[in-house]
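Spelled out, the chains give:
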Amino acid sequence: MNTIKRAPWQADALLLLVTLLAAGGWIFSKEALAGMPPLLFIGTRFLLAGMILTSFAWPALRRMPARRVRRAAMVGLLFSAAITFWVLGLEHSQHLGESAFIHSLGILLVPIVARLLFGDRPPRTTWIALPVALTGFMFLSLNAGFTVEASQLFMVCSALCFALLINVNTRVVRNLPPLPLATLQLLVVGSVLSLLSLLIEREALALSPTILGWFLASVLLASSLRFYVQIKAQSMTTPSHASVILMLEAVWTALLAGWWFSETMTLLQLIGCGLIFTALLINRWYWVRKVLLRFIPH
């Protein structure tokens, strides 16, 4: 029996919740950055989220061999680079919906990075999707007047780092339980970026009850709860099935940004984001088709 056929509807519901929490994280973070330096914000956010998850992961962490802890920590350094580019892109972004679609390119870049670094052979759909995605990014660049904005460049760098991170995770720490792995990586990212903030950031804090509220929402909802629910949902279905639903994060982000910040898209932005999302669907078409067949009576 096909594994997708066995995937319970509860997994789909939880994964949809994850995409909404992740999309909400873009809003929470953008609001919190109005009063916090970017590295201090993301460092303390991940450090506190990691501490919260430690209470759930502690039994598994205590049993984990030291070499596995070191391996997970090393991968956490790569995670630090990826999330640094993301938060810098977010700080400079004037349009969250566009930034979210550019960041989603990381999904498409996973097999490309695997080909370049590990010699894996990407599926044929990747080579079809790649020019579609590049055309979409070109339309977004045209919207800025034939220039690549700082936020766009940071988001592309973040997408590349996340594509590399996913490849490394599947090879270096594939046998580690997901909850302690996520906990360790959050703690490493939080520690590294909080320290880096103390060393290089000179921006003043402008904390207020509102900024603190957005920060806590980022910690509790967009980090701790999101990672916990995602780990639980992914344990109930296959990784490929989960990745199809997780692609919706960019769509929810654009919709939430339109509602909260009254963002609208120009025609060029709509075409660009539409092409990028189409490329993601092409790239994952084998699994997209399986997911769709689950909901079509036959």
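Participant: Whenever I open this one, helix H3 (residues 38–63) confuses me. Can you help?
Facilitator: Residue pairs spaced three or four apart in an α-helix point in one direction, given the helix's 3.6 residues per turn. Between its terminal C-alpha atoms H3 stretches 35 Å, which fits the 38 Å expected from 26 residues at 1.5 Å a residue. Of all the bends in H3, the greatest, near 75 degrees, is centred on alanine 57, and the proline proline 59 appears no more than four residues after it.

Participant: Before we go on, may I ask you to explain the environment of leucine 293 in this structure?
Facilitator: On the secondary structure map, leucine 293 appears in helix H14 (residues 285–294). For leucine 293, a relative accessible area of 34% gives the class partly exposed. Separated by 209 residues in sequence, leucine 293 and threonine 84 have C-alpha atoms that sit 38 Å apart.

Participant: I tried to follow the state of the cysteines on my own but got confused; where do I start?
Facilitator: A covalent bond between the sulfur atoms of two cysteines is referred to as a disulfide. In the structure shown here, the tally under the stated rule is zero disulfides. Not part of a disulfide, cysteine 161 finds its nearest cysteine sulfur in cysteine 157, a span of 6.8 Å. Given a relative accessible area of 14%, cysteine 161 falls into the buried group.

Participant: In this structure, what is going on with the packing of aromatic side chains? I would like to understand it.
Facilitator: Within a pair of aromatic rings, the relevant descriptors are the distance that separates the centres and the angle that separates the planes. If you walk through the whole model with that rule in mind, you get ten aromatic pairs. For the ring pair phenylalanine 101 and phenylalanine 277, a centre distance of 6.4 Å and an interplane angle of 90 degrees mean the geometry is edge-to-face. Of the two residues, phenylalanine 101 is situated in helix H5 (residues 96–103) and phenylalanine 277 in helix H13 (residues 267–283); the sequence distance between them amounts to 176 residues. Residue phenylalanine 101 is classed as buried on the basis of its relative accessible area of 7%. Where tryptophan 259 meets tryptophan 260, the ring centres are 5.5 Å apart and the plane angle is 55 degrees; that geometry is what we call tilted. Relative accessible area serves as the criterion here: at 63%, tryptophan 259 is assigned to the exposed category. For tryptophan 260, a relative accessible area of 38% puts it in the partly exposed group. Grouping aromatic residues by their ring pairs yields a cluster made of Phe28, Trp214, Trp259 and Trp260.

Rules used in this analysis
Residues numbered from 1 in each chain as written. Predicted model: local features only at pLDDT ≥ 70, side-chain atom pairs only at ≥ 80, totals over all residues. Heavy atoms only, no water. Helix = DSSP H or I, 4+ residues; strand = E, 2+ residues; numbered from the N terminus. Expected span 1.5 Å × (residues − 1). Bend = angle between axes of the 7 residues up to and from the residue. Buried < 20%, exposed > 50% of the residue type's maximum accessible area, 1.4 Å probe, protein only. Disulfide = S-S within 2.5 Å. Phe/Tyr/Trp six-rings, centres within 6.5 Å; stacked < 30°, edge-to-face > 60°.

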